[in-house]
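What follows is the residue order along each chain.
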Amino acid sequence: MALSARLRAQDRPWLRLTPQQLQARARVLAKIEDGTYRLESAPCFCGAPAGGDLPAGSDLEIAGRDRYGLPVRTVLCQACGLLRSDPRMDADSTARFYQDDYRDLYTGAGNAAPLFESQVARGRGLVALLAKLLPSIETVYEVGCGAGGLLVPFQEIGKRVRGVDLGDEYLELGRAHGLALVHGTADDLLREAGEPADLVLLMHVLEHYLDLRASIEQTMRLVRPGGILLVEVPGVASIGTSYRGDVLSYLQNAHNFHFTAATLEFVLTRCGLDVLACTESAVALCQRPEADGPRAVRPAPGTAASVLRMLGEFERRLHHRVRSGEAA
Ligand SMILES: [Zn+2]
């Protein structure tokens with residue numbers, strides 16, 4: 001049962017889309033329809049089984065559509081409270097989606113230059129946030145760096161910086177700004193750099209991954225033992241700030257997971273990180289312990305219920321705003 005009828009039934013784009021976005025949406029729908037993009041069932045990170053042969057009540061369906069009106073089924077794992085897409089595109093389809101349709105669907109007509117400047121501004125915020133830790137940090141890497149603007153303020157204060165991403169166009173832009181950027185994955189960056197970093201940034205990347213554990217473990221290898229990993233995702237709480245309180249505007253097919261502070265901390269801890277701090281805006285400051293290894297951490301009781309309450313509250317408030325005449 002969806003949280004509210006509109007989250008299940010919305011089959012038209014919920015956002016106002018540009019002609020380029022509408023074309024990309026039509027392509028994606030056609031590719032899902034004809035099997036070019038294949039969907040696969042996705043079990044929860046916590047080990048609860050995937051949809052289909054579930055014991056009744058293990059997953060709760062939250063939505064059947066995303067903001068583009070694409071068929072994306074979002075479920076809440078009642079065991080751990082993690083929200084995920086199930087089914088979701090398989091790895092091969094995901095790679096082709098990012099190559100062929102992601103940019104047109106998400107940005108319409110893309111312009112990279114303002115993006116770089118906004119990355120630099122966010123990087124300055126991070127330098128301020130991490131001020132106390134910076135004296136013990138010499139090297140800073142970013143996974144999924146795009147054009148790498150976030151790294152500029154770290155480079156300006158004398159840190160050795162490197163970034164890695166799969167998008168060539170953005171990498172070229174960053175290189176033109178004098179940044180050392182590598183095409184590929186965290187493993188490619190580690191090979192190229194030859195040594196792990198004191199600080200690794202993973203900003204708005206985790207929610208795109210298909211396999212949380214494998215991806216976090218790969219990122220951890222990039223952090224020296226005792227080093228810092230800073231993770232940021234668009235938390236469920238950000239629906240209230242960045243998405244005008246609208247759950248449907250927040251749901252997007254490229255995001256396979258949705259976190260609260262509690263579920264982000266649960267996932268990172270279970271993968272073997274020490275979480276030093278984690279905010280409801282879903283920024284987690286983590287430390288790679290001297291000795292690695294996953295842990296038998298259990299989800300905190302009541303997590304799923306509190307996630308459901310949070311989403312329900314957004315829906316109730318939105319409904320109230322619409323009824324009282326304010327535009328949704
Ligand atoms: Zn779970």
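Turning our attention to the sheet that holds strand 4 (residues 83–85). Hydrogen bonding along the main chain pairs the strands of a sheet, whether they run parallel or antiparallel. Read across the open sheet, the four strands follow the order 2-3-4-11; overall the sheet is antiparallel. The sheet terminates laterally at strand 2 (59–65) and strand 11 (257–258), the two strands that pair on one side only. As paired strands, strand 4 and strand 11 are joined by two bridges and run antiparallel to one another. In the sheet register, R84 faces strand 11, and the bridge partner there is F257.

Right, let's get into the sheet that holds strand 12 (residues 274–278). The seven strands are arranged 8-7-6-9-10-13-12 in an open sheet whose pairing can be described as mixed. Two strands in the sheet have a free side with no partner beyond their single neighbour: strand 8 (181–183) and strand 12. Direction aside, neighbouring strands of the sheet carry axes that sit 20 degrees apart on average. Contacting strand 7 (160–165) and strand 8, helix 7 (residues 168–176) runs over the sheet at an angle of about 160 degrees to strand 8. Running at roughly 145 degrees to strand 7, helix 8 (residues 186–193) makes contact with strand 6 (139–143), strand 7 and strand 8 of the sheet.

For the rest of this paragraph, the subject is the pattern of salt bridges. Counted according to the given criterion, the structure contains 22 salt bridges. R124 is paired through a salt bridge with E156; the nearest N and O atoms lie 2.9 Å apart. Here E156 lies in helix 6 (residues 152–156) and R124 lies in helix 5 (residues 112–129), a separation of 32 residues in the sequence. Residue classification places R124 among the partly exposed residues on the basis of a relative accessible area of 43%.

It is worth spelling out the packing of aromatic side chains at this point. A full pass over the atoms with the stated rule returns nine aromatic pairs. Ring centres of Y68 and Y106 lie 5.1 Å apart, and the angle between their planes is 65 degrees; on these two criteria the pair is classed as edge-to-face. With Y68 in the loop between strand 2 and strand 3 (71–77) and Y106 in helix 4 (residues 102–107), this pair connects stretches of sequence that are 38 residues apart. We classify Y106 as buried; its relative accessible area is 14%. Ring centres of Y98 and Y102 lie 4.7 Å apart, and the angle between their planes is 50 degrees; on these two criteria the pair is classed as tilted. A relative accessible area of 25% means that Y102 is categorised as partly exposed.

Now for the domain arrangement of the protein. According to the domain assignment, the protein consists of domain 1 (5–108 + 301–323) and domain 2 (112–287). One C-alpha centre belongs to domain 1, the other to domain 2; they are set 23 Å apart. If you look at the interface, domain 1 gives 40 residues, while domain 2 gives 35 residues. Between domain 1 and domain 2, a total of about 3100 Å² is buried, with carbon and sulfur atoms accounting for 64% of that surface. When the area that domain 1 buries against domain 2 is broken down by residue, the three leading residues are F45, R67 and F314, summing to 23%. Where domain 1 packs against domain 2, one counts one salt bridge. Among the salt bridges present, the one from E169 reaches R103, with a minimum N-O distance of 2.8 Å. If you list the elements that add at least two residues to the side of domain 1 that touches domain 2, you get helix 1 (5–9), strand 2, strand 3, strand 4, strand 5 (88–89), helix 3 (91–100), helix 4 and helix 13 (303–323). If one sorts the elements of the side of domain 1 that touches domain 2 by residue count, helix 13 sits on top with eight residues.

What counts, and at which threshold
Counting of residues starts from 1 at the beginning of each chain's written sequence and follows it residue by residue. pLDDT decides what is reported in this predicted model: residues at 70 or higher carry local features, side-chain atom pairs at 80 or more are listed and counted, and totals for whole chains, interfaces and linings draw on all residues regardless. To obtain the side-chain values, all non-hydrogen atoms of the structure were included, while hydrogens and water were left out. Strand pairing requires that DSSP identify at least two bridges connecting the strands. Numbering goes from the N terminus for both helices and strands, where a helix is a DSSP run of H or I of at least four residues and a strand is a run of E of at least two. Simply put, an axis is a line fit to the C-alpha atoms, just over the touching stretch for a helix, and the angle between two N-to-C directions goes from 0 to 180 degrees. Throughout, a contact is declared for two residues whenever any of their heavy atoms are within 4.5 Å. Here a salt bridge means any side-chain nitrogen of Lys or Arg lying within 4 Å of a carboxyl oxygen belonging to Asp or Glu. Buried, partly exposed and exposed residues are distinguished by accessible area as a fraction of the type maximum, computed with a 1.4 Å probe on protein chains only: under 20%, between the cut-offs, and over 50%, respectively. Only centres within 6.5 Å qualify two rings of Phe, Tyr or Trp (six-membered ring in Trp) as a pair; their planes then separate them into stacked at under 30 degrees, edge-to-face at over 60, and tilted for everything else. In this document the domain limits rely on a domain assignment from an automatic tool or a database. Two parts placed together each lose some accessible area under a 1.4 Å probe, and adding up what both lose gives the buried area.

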